[in-house]
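Here is what each chain is made of, one letter per residue.
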Amino acid sequence: QVQLVESGGGLVQAGGSLRLSCAASGSIFSINRMDWHRQAPGKQREWVARVTSGGLTNYADSVKGRFTISGDNSRNTVYLQMNSLKPEDTAVYYCRAEINRSNGISQIYWGQGTQVTVSS
């Protein structure tokens, strides 16, 4: 069994910063990549950023230059540093991980989500 637990969400004023964390635990052999997605009220879930086990990163255009994703392979943890936050960044942020189990099977796991609210 694998669990992803997010933390770090909250309420912040526009222009402020937050740092999200997502820790994976359980029966993990290795992790290929970890992503952050978000879902605003009334909208579809959208991809925000990803980091591979090798440290390669990619970002959605809407957050490029403001958000930074990083991973700690030793802790099976991914972080999302969010700076210059805007009201439109308000959403539930979800962690997603592509995890290799010891049986050789790769599976996708999602966290429960953490709320980020940016006030204007």
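Residues numbered from 1 in each chain as written. Predicted model: local features only at pLDDT ≥ 70, side-chain atom pairs only at ≥ 80, totals over all residues. Heavy atoms only, no water.

1. Some points on the side chain of Asn100
Tracing the chain through its elements places Asn100 in strand β9 (residues 91-100). Here Asn100 falls in the buried class, since its relative accessible area comes to 16%. Of the polar contacts made by the side chain of Asn100, one reaches the side chain of Ser106; its length is 3.5 Å. Ignoring any residue separated from it by four or fewer positions in sequence, one finds Asn100 in contact with Ile28, Phe29, Ser30, Asn32, Ile105 and Ser106. (Helix = DSSP H or I, 4+ residues; strand = E, 2+ residues; numbered from the N terminus. Buried < 20%, exposed > 50% of the residue type's maximum accessible area, 1.4 Å probe, protein only. Polar contact = N/O pair within 3.5 Å; in protein donor to acceptor, adjacent residues only side chain to side chain. Contact = heavy atoms within 4.5 Å.)

2. Some points on the environment of Pro87
Position of Pro87 relative to the elements: it lies in the loop between β8 (77-82) and β9. Measuring from C-alpha to C-alpha, the distance between Pro87 and Gln13 comes to 8.2 Å, with 74 residues separating the pair along the chain. Every residue in contact with Pro87, bar those within four places of it in the chain, is listed here: Ala14, Val118 and Ser120.

3. Quick look at the sheet that holds strand β7 (residues 67-72)
Across the sheet, which stays open at both edges, the four strands sit in the order β1-β3-β8-β7 with antiparallel pairing between neighbours. The two strands at the open ends of the sheet, each matched to only one other strand, are β1 (2-7) and β7. For this sheet, the mean inter-axis angle between neighbouring strands, taken without regard to orientation, is 15°. Pairing between β1 and strand β3 (residues 18-26): six bridges, direction antiparallel. Note on β3: the bridge partner recorded for Glu6 is Cys22. (Pairing = 2+ DSSP bridges. Axes fitted to C-alpha atoms, helices over the stretch in contact; angles between N-to-C directions.)

Nothing here speaks to function; it is geometry throughout.
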